[in-house]
Amino acid sequence: MKEMIISNLKEVQDRIKNACELSGRNASEVQLLLATKTVPFEKIKMAIDAGATLIGENKMQELRDKDPGLKKVNIERHFIGHLQTNKIKDVLKYVSCIQSLDRLHLAQELDRQLQKENRNLDVFIQVNTSFEESKFGLRPDEAVSFIREIKKYDTLNIKGLMTIGLLDVEKEKMQPSLRLLRLIRDEIYAAGIDNVKELKLSMGMSQDLELAIAEGSNMVRIGTSVFGNRFLGKEIWNENIAE
Ligand SMILES: *Cc1c(COP(=O)(O)O)cnc(C)c1O
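Residues numbered from 1 in each chain as written. Predicted model: local features only at pLDDT ≥ 70, side-chain atom pairs only at ≥ 80, totals over all residues. Heavy atoms only, no water.

So, about the overall build of the chain. Broken down by element type, the chain carries 9 helices and 8 strands. Expected size for 243 residues packed as a compact globule is a radius of gyration near 18 Å; at 17 Å, the chain falls within 12% of this value. Judged by the C-alpha coordinates and their principal axes, the chain covers about 50 × 40 × 35 Å. Going through the 243 residues of the chain one by one, you find that 53% of them count as buried. (Helix = DSSP H or I, 4+ residues; strand = E, 2+ residues; numbered from the N terminus. Rg over C-alpha atoms; globule rule 2.2 N^0.38 Å. Buried < 20%, exposed > 50% of the residue type's maximum accessible area, 1.4 Å probe, protein only.)

Here we come to the pairing of strand S2 (residues 54-57). Of the two faces of S2, both are covered, the one formed by Leu54 and Gly56 as well as the one formed by Ile55 and Glu57. As defined by bridge partners, strand S1 (residues 31-35) adjoins S2 across 2 bridges and the pair is classed as parallel. Of the residues in S2, the one forming a bridge with Leu34 is Ile55. As paired elements, S2 and strand S3 (residues 76-79) share 4 bridges and run parallel to each other. Within S3, the position partnered with Gly56 by the bridge is His78. Between S2 and its parallel partner S3, the chain crosses via helix H3 (residues 60-70), and the hand of that crossover is right-handed. (Pairing = 2+ DSSP bridges. Right-handed = clockwise from strand over helix to strand, strands pointing away.)

Among the nonpolar cores identified, the biggest contains 41 residues, and Ile98, Leu101, Leu110, Ile125, Ile147 and Ile188 are the most heavily contacted of them. Counting 25 residues, the second-largest nonpolar core is a separate cluster that includes Val12, Val39, Ala52 and Phe227. (Core = buried A, V, L, I, M, F, W, Y, C linked by side-chain atoms within 4.5 Å.)

One pass over the structure, following the stated rule, counts 20 salt bridges. When the shortest N-O distance is used, the salt bridge between Lys66 and Glu57 registers 2.7 Å. An identical accessibility class is assigned to Lys66 and Glu57; each is buried. For Arg139, the salt bridge goes to Glu142, with nearest N and O atoms at 3.7 Å. Classification of Arg139 as partly exposed rests on a relative accessible area of 48%. Look at Glu142 and you get partly exposed, because its relative accessible area is 28%. Salt bridges sharing common partners tie together Lys2, Lys45 and Asp49. (Salt bridge = Lys/Arg side-chain N within 4 Å of Asp/Glu carboxyl O.)

Around the ligand sit 13 residues, and of these Lys37, Asn58, Ser206, Thr224 and Arg230 come closest. At 2.9 Å from a nitrogen atom of the ligand is found a side-chain nitrogen or oxygen belonging to Arg221. Within the side chain of Thr224, a nitrogen or oxygen atom sits 2.5 Å from an oxygen atom of the ligand. Relative to its free-state accessible area of 390 Å², the ligand is covered by the protein chains to the extent of 96%. Among the residues making up the shell around the ligand, the classes are represented as 6 nonpolar, 4 polar and 3 charged. (Near = heavy atom within 4 Å. Polar contact = N/O pair within 3.5 Å; in protein donor to acceptor, adjacent residues only side chain to side chain. Areas by Shrake-Rupley, 256 points an atom, 1.4 Å probe, with all protein chains shown as cover. Nonpolar A, V, L, I, M, F, W, Y, C, P; charged D, E, K, R; others polar.)

What follows deals with H3. Buried within H3 are the following residues: Met60, Glu62, Leu63, Lys66, Asp67, Gly69 and Leu70. Seen from one end, H3 has its buried residues packed into an arc of 160°, which puts them on one side. (Arc of directions from axis to C-beta.)

Given below as structure tokens:
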């Protein structure tokens, strides 16, 4: 098991490196986040021993269950699943960044809790660039006004934009939803919103990491290619689906 994870991780790092070379980018511009939903602590630990420094979880329950082990190792944790407001307080115990900020009410409630705790939080704005009903995220045309709105919350450090691209067997079908996130960032820059600069793009998963890097990704989120298939009936993008 350990050998498999080490070699998978190495393979993913090589894919990132090659994709960067192909698009003339420096590999240091692309961070690797391991998506660890359904992966037990023991397996995550193997990846950490092999050099992983950043993981993302989709569910509060899993954050809580794995916390005793994870808090002892030096690992940065992000939340990448759909976040319900009643879970905010719990999720904030475990993560330094929420990548799935996708509605004003959530921003407001996060701000409220963060003020209570007298702390700040890094956030990515999730945009639904694939226009799929099943996915969360802002509509692309809402992004600029959303950023203008949430800028008033000093507790939220807007770090970038996140999307889950359209997954398909054909490259031509996957590319537009990745490119769109970059275009949205350009649009935000062009709007000249005070203090909003250097937004990172969190996009690219096991299937589309090369395409995402070609489109400017700064953070790929990889699960399957490192840990293997999750054997789930359906994808867990969010907290709403029952355990
Ligand atoms: C599961 C997940 C990933 C990783 O997907 P893989 O296809 O397993 O690499 C990335 N981002 C989010 C939000 C996820 O839920």
